[in-house]
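Topology and contacts: notes
Here is how the chains run, residue by residue.
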Amino acid sequence: MSDVLRLRDVGAESLTALLSRYGLQLESVPDSQPIPGSYWHEDEAGIIGLSVFVRQDTPLHSILHESCHIICMDQERRAVLHTDACGEYSEEDAVCYLQILLADFVEGFGHERAWQDMDAWGYTFRLGSAQRWFEEDAEDARAWLVQHGLLTPNGEISFQLRQV
């Protein structure tokens, strides 16, 4: 799909800086090579341990989504992480919510473009769009992030990995 923003469209600087706040590493893979740790293969981001593997054609929403899986999972799963995040539905919702919040920290991306790209890529939400879900139906995802210390009750991002 060419209608979503990709790493090559914005560069790696702001993503690298954002991920480093969580202790994560953005690892570049040559364009002609398969992406290690990619669950969906092709151009989707891969995750192994605290590393997020990408190519220049990797969609930004995929990079943030997989990064948020690492951020949201507990230490035990993170210690053996390779490719499949294995989260529950409530965690998956929290991952989607957090990736939208973090989109504002990626130069040239932002939450509105993240909503657009998530819809274009085929994320599905009960209310029909990422924006409507985020604004009208994501209270449980937000509460999950607060409960696990990834978001403060007043909505500030904690910039730490889930500990428990």
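Let us look at the structure shown here. (Residues numbered from 1 in each chain as written. Predicted model: local features only at pLDDT ≥ 70, side-chain atom pairs only at ≥ 80, totals over all residues. Heavy atoms only, no water.)

Attention now moves to the overall build of the chain. Counting its regular elements, the chain contains eight helices and three strands. Walking the chain from its N terminus toward its C terminus, one meets helices and strands in the order α-α-β-β-β-α-α-α-α-α-α. For a compact globule of 164 residues, the expected C-alpha radius of gyration is about 15 Å, and the chain comes in at 15 Å, within 12% of that figure. Here the chain holds 164 residues, and 51% of them are scored as buried. The contacts in the chain between residues at least 6 apart in sequence include a share of 59% that link residues at least 24 apart. (Helix = DSSP H or I, 4+ residues; strand = E, 2+ residues; numbered from the N terminus. Rg over C-alpha atoms; globule rule 2.2 N^0.38 Å. Buried < 20%, exposed > 50% of the residue type's maximum accessible area, 1.4 Å probe, protein only. Contact = heavy atoms within 4.5 Å.)

With the rule as written, the count across this model stands at seven aromatic pairs. Ring geometry for Tyr97 and Phe134: centres 4.4 Å apart, planes at 25°, overall stacked. Of this pair, Tyr97 sits in helix H5 (residues 89–103) while Phe134 sits in helix H7 (residues 130–136), and the two are 37 residues apart along the sequence. One exposure class covers both Tyr97 and Phe134, and it is buried. With 5.8 Å between their ring centres and 55° between their planes, Trp115 and Phe134 make a pair best called tilted. One end of the pair, Trp115, is in helix H6 (residues 110–121); the other, Phe134, is in helix H7, with 19 residues separating them in the sequence. Judged on exposure class, the residue Trp115 and its partner Phe134 are both buried. (Phe/Tyr/Trp six-rings, centres within 6.5 Å; stacked < 30°, edge-to-face > 60°.)

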